Amino acid sequence: MLLSGFDILVIVLVIFVILVLFAGIKTVPQGYRYTIERFGRYTRTLEPGLNLITPFIERVGARMNVMEQVLNVPTQEVITKDNASVSADAVSFYQVLNAAQAAYQVSNLENAILNLTMTNIRSVMGSMDLDELLSNRDAINDRLLRVVDEAVQPWGIKVTRVEIKDIQPPRDLVDAMARQMKAEREKRAQVLEAEGSRNAQILRAEGAKQSAILQAEGQREAAFRNAEARERLAEAEAKATKMVSEAIAAGNIQAINYFVAQKYTEALTSIGQANNAKVVLMPMEASSILGSLGGIGAIAREVFGDSSNPPPPPRPRPSPARSTPPVSPVPPNPFNPNPES
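Residues numbered from 1 in each chain as written. Predicted model: local features only at pLDDT ≥ 70, side-chain atom pairs only at ≥ 80, totals over all residues. Heavy atoms only, no water.

From N to C terminus, the protein chain includes eight helices and eight strands. Split into buried and exposed, the 341 residues of the protein chain put 23% on the buried side. Put simply, of all contacts in the protein chain between residues at least 6 apart along the chain, 63% involve residues at least 24 apart. If you sum the accessible surface of the protein chain, you get close to 23900 Å²; carbon and sulfur atoms cover 58% of it. (Helix = DSSP H or I, 4+ residues; strand = E, 2+ residues; numbered from the N terminus. Buried < 20%, exposed > 50% of the residue type's maximum accessible area, 1.4 Å probe, protein only. Contact = heavy atoms within 4.5 Å. Areas by Shrake-Rupley, 256 points an atom, 1.4 Å probe, with all protein chains shown as cover.)

Structure (structure tokens):
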């Protein structure tokens, strides 16, 4: 079947309309922004979804990914402030905030961000000592983030994070640092041991001091109580002596007899209770001492003028020529000075 000229025109028109529709309808996926150029000049940015443009006049210039992206920074050599050479690598996170600026303000966006980050890593790490570099990684990240983010702001880019992944000093430097750390820990251990020994000696000295103080206080208290006891005993003895003296002064003969007999009995008791006294040897004159108590009573009666009862005659003393001592007479009762009664 042959087509007429009108049919061919209709078909051509339908195909043209379809091509125009395809050229004028643009679908932008989520997370992307498209820039539109009219005769090569930027006019607007298409948002995600279905968009219409003027066919054959406007076209899509750049398809920009506005999601947060990661950029690996390769390992590079850095010389620190104290001339130590270290190797460091990092990772950078960035996001496109303005698609038009990112598309038209810089060429090859990722390469620009990468070179900018590497340059600032060498600048920031090179201004620090090795010890500060190894111990202040958070400070390095903060400085890098602030510097790089400020540099990429004209490009419509937001650097969200810059992290140093690894810092590798030379092997000999690592060994030297290990020896230094070991020496430092040994020094700390010796210091702690010395402080512990000093504290122990101080505590022992304090304990000895407190013990000596308590012992001295105990001895002082004991001496005070012993002195007080001796004072009480002396007072009691003086009181007893005073009472006996008053009784003698009043003419009571039994009091002096009782006093002398008591002292003599206490002396004999002390001799008999000695630990090394197995056999007690008494002199011959000792037996006559008991008999002399009656004579003492008679003398006292004479002194105080007691003439009612004459004193008994003195008993003869034993002869020293005899081989055995005579039997001692029974001592008179101190409370009854008159033996005949």
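Now that the structure has been shown, the text picks up again.
Turning to the packing of helix α3 (residues 109-126) against helix α5 (residues 137-152), a few remarks are in order. Look at α3 against α5: their axes get within 10 Å of each other, and the N-to-C directions meet at 140 degrees. Accordingly, the angle class assigned to the pair α3 and α5 is oblique. When you trace α3 past α5, the crossing you get is right-handed. Between α3, through Leu 116, Thr 117, Asn 120, Ile 121, Val 124 and Met 125, and α5, the contact on the second element is made entirely by Ile 140, Arg 143, Leu 144, Val 147, Val 148, Ala 151 and Val 152. Among the residues making up the contact of α3 with α5, the classes are represented as 10 nonpolar, two polar and one charged. (Axes fitted to C-alpha atoms, helices over the stretch in contact; angles between N-to-C directions. Parallel < 35°, antiparallel > 145°, perpendicular 65-115°, else oblique. Left-handed = near helix turned anticlockwise from the far one by under 90°. Nonpolar A, V, L, I, M, F, W, Y, C, P; charged D, E, K, R; others polar.)

Ordered by their spatial adjacency, three strands build an open sheet running β6-β7-β8, and the pairing between neighbours is antiparallel. The open sheet terminates on both sides in strands that have one partner only, identified here as β6 (69-79) and β8 (157-168). Put simply, the sheet's adjacent strands are angled 20 degrees from each other on average, direction ignored. As paired strands, strand β7 (residues 85-96) and β8 are joined by 10 bridges and run antiparallel to one another. (Pairing = 2+ DSSP bridges.)

In this description, an aromatic ring pair is defined by two values, namely the gap between the centres and the angle between the planes. A complete count under the given rule lists two aromatic pairs for this structure. On the basis of an interplanar angle of 10 degrees and a centroid distance of 6.4 Å, the ring pair of Phe 16 and Phe 56 is categorised as stacked. One end of the pair, Phe 16, is in helix α1 (residues 5-24); the other, Phe 56, is in the loop between β4 (49-52) and β5 (58-65), with 40 residues separating them in the sequence. Judged by centre distance (5.6 Å) and plane angle (55 degrees), the ring pair of Tyr 42 and Tyr 104 falls under tilted. Note that Tyr 42 is positioned in strand β3 (residues 41-46) and Tyr 104 in helix α2 (residues 99-104), a separation of 62 residues in sequence. When the ring centre of Tyr 34 is taken as origin, the NZ or CZ atom of Arg 63, which lies over that ring, is 4.9 Å away. (Phe/Tyr/Trp six-rings, centres within 6.5 Å; stacked < 30°, edge-to-face > 60°. Lys NZ or Arg CZ within 6 Å of the ring centre and 35° of its normal.)

For the rest of this paragraph, the subject is the sheet that holds β5. The three strands lie next to each other as β3-β2-β5, forming an open sheet whose pairing is antiparallel. Whereas interior strands pair on both sides, the edge strands pair on one side only; in this sheet they are β3 and β5. Neighbour-to-neighbour, the strand axes of the sheet open up by a mean angle of 30 degrees, direction not taken into account.

Before going further, it helps to examine the pairing of β7. Counting buried positions along β7 yields nine of 12 residues, so the element is predominantly enclosed. Remark: five residues form the turn of the hairpin made by β6 and β7, two consecutive strands paired antiparallel; Asn 83 in that turn has positive phi of roughly 65 degrees.

Before going further, it helps to examine the environment of Gly 31. Turning to its location among the elements, Gly 31 is positioned in the loop between β1 (25-28) and β2 (32-38). The exposure class assigned to Gly 31 is buried, which follows from its relative accessible area of 8%. For the pair Gly 31 and Glu 68, spaced 37 residues apart in the sequence, the C-alpha separation amounts to 9.4 Å. Setting aside residues no more than four positions away along its own chain, Gly 31 makes contact with Pro 48, Met 64, Asn 65, Val 66 and Met 67.

Next up on the list: the nonpolar core. If you look at the biggest cluster of nonpolar residues, it comprises 36 residues, and the most contacted ones within it are Leu 109, Met 125, Ile 140, Trp 155, Ile 157 and Ile 164. With eight residues, the single largest contributor to this core is α3. Other than its neighbours up to four places away in sequence, Met 125 contacts Val 78, Thr 80, Val 86, Ala 88, Leu 133, Ile 140, Ile 164 and Ile 167. If you look at the next biggest cluster of nonpolar residues, it comprises six residues, including Val 28, Ile 36, Ile 53 and Val 60. (Core = buried A, V, L, I, M, F, W, Y, C linked by side-chain atoms within 4.5 Å.)

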